[in-house]
Amino acid sequence: MRRLPPLTALEAFVQVARLGSVKAAAEELALSTPALSRRVQALERFIGRPLFDRKHQALEINADGQRLLDDIAPALDSLSLALENIQSGGNQLRLRLAVMPLFATQRLFPHLGKLRQQHPQLHIDIETTPHAVARLGEGLDAAIVLSKDIDPALYAHQLDHEEVYLIGRRELLEGPHALTSPEELAQQTVLLHRDMALSFDAWKEAAGLPDLQPLAIDNYDSGQLMLEAAAQGLGVAVMHASHYEQAGDPRLVRLFPIHVDSPYRYFFVCRPRALQTRAVRIFRDWLVAADI
C-alpha cells in the first residue's frame, strides 16, 4: 500500500479549506494557529506542491487544493461516520442540545415526536443553560439561540424573522383602565427578556416615541414567566409575535398593533466541525425541513 500522509495533516487541510480561515480551523481542532499551519505545510511537503495561495496572512485554496478536497473530504466524512457508528454500537445517536425554554415548549417539543418516528436511533440531551454559544464543543453539540447576529466562525441557520409585540393582560385593552395611546406606557412597568434587551427600543422607534420612559423596567430570563407576569398584571411584556400567538392565552392581548421588525432572530448554531457528526446533521436537516 502506498504510504499516506498523517491523518492529522489531512484533517487540518480539510478544516482550513472548508472554513476558509486558519484561526477558525485551529479553534475547531483545539490547536494553536502555528500548530495548524505546520500540519498544512507538512501535507504540502508530502504532496510536493502548495494547496493554498498565501495572501497577506490569509490562505485561499488553489486549484490543486480544491481537487484534493473534493477527492478526500467524502472519505474523511465516511471514516468519521464509521467511528461514530462503532462508538455508538451502531444503533444509537446522541445529540447534546441547548435550547431556550419557551422555544422548546412552544415550537420544538410539539414536533419532536415526528423526529423520533423518522429517526428512532436519535436521542437528545436537552439543556436550558445560558451562554450556550460559549459551550459549543465543550459539552454541547448544538444550540438554538436568540440573538442579533452570530459569530461568523460558527455555522448558523436562521429559523425565523419576527415582529416585536407589546403583550399585556386583557383589561389593558378592554377594561375601564384601558390604555388608549402608546404614551400611556409611561405609567406602566415594562417586562424585558435579558436576551432581547433592545426590543423595546426598536418598538419605541417604530412608534415614533424614542424618548418614552416607562414607570419601570423589570428584567427576566424566562419567556414563560414573562407571559405569566403579563397575564397577572405585573407589566407589559415586550416579546415576539410567535411567543404571543403560540401561547394562546385568553388572558393576554396585543397592545398597539404597530409593525416592528425585531432586531433578534432564533438561530440553530454549532461549530462547523460538528456538522460532520451524523446526529447534528440529522437534527439540522430535520429542523430546517420542518420549518419550525
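Going by the structure above, here's the rest.
Enquirer: So what exactly am I meant to see when it comes to the environment of Arg107 here?
Expert: Examined against the element boundaries, Arg107 turns out to sit in helix H5 (residues 101-118). The spacing of Arg107 and Ser181 is 74 residues in sequence and 32 Å in space, taken between C-alpha atoms. Not counting chain neighbours up to four residues away, the residues in contact with Arg107 comprise Leu102, Leu159, Asp160, Glu162, Ser242, Gln246, Tyr266 and Ile292.

Enquirer: So what exactly am I meant to see when it comes to unusual backbone geometry here?
Expert: Trans is the prevailing form of peptide bonds, just as negative phi is the prevailing case for residues other than glycine. In this structure, Phe256 is a non-glycine residue whose phi angle is positive, near 50 degrees. Positionally, Phe256 belongs in the loop between strand E11 (252-255) and strand E12 (265-270). With a phi angle near 55 degrees, Asp291 is a residue other than glycine that sits in the positive phi range. Within the fold, Asp291 resides in the segment after helix H10 (278-290). Overall, the relative accessible area of 64% leaves Asp291 in the exposed class.

Enquirer: Any chance you could explain the sheet that holds E12 here in plain terms?
Expert: Remark on secondary structure: sheet strands pair via backbone hydrogen bonds, oriented parallel or antiparallel. Ordered by their spatial adjacency, five strands build an open sheet running E4-E3-E5-E12-E6, and the pairing between neighbours is mixed. On the outer flanks of this sheet lie strand E4 (122-127) and strand E6 (155-158), each paired with one strand and no other. Each adjacent strand pair in this sheet contributes to an overall mean axis angle of 25 degrees, direction not counted. The pairing of E6 with E12 spans four bridges and is classified as antiparallel. Bridge pairing in E12 places Ala156 opposite Val269. Against the sheet, H5 contacts strand E3 (93-99), E4, strand E5 (142-147) and E12, and its axis sits at roughly 170 degrees relative to E4.

Rules behind the numbers
Residues numbered from 1 in each chain as written. Predicted model: local features only at pLDDT ≥ 70, side-chain atom pairs only at ≥ 80, totals over all residues. Heavy atoms only, no water. Helix = DSSP H or I, 4+ residues; strand = E, 2+ residues; numbered from the N terminus. Contact = heavy atoms within 4.5 Å. Buried < 20%, exposed > 50% of the residue type's maximum accessible area, 1.4 Å probe, protein only. Pairing = 2+ DSSP bridges. Axes fitted to C-alpha atoms, helices over the stretch in contact; angles between N-to-C directions.

The values are spatial; any link to function lies outside them.
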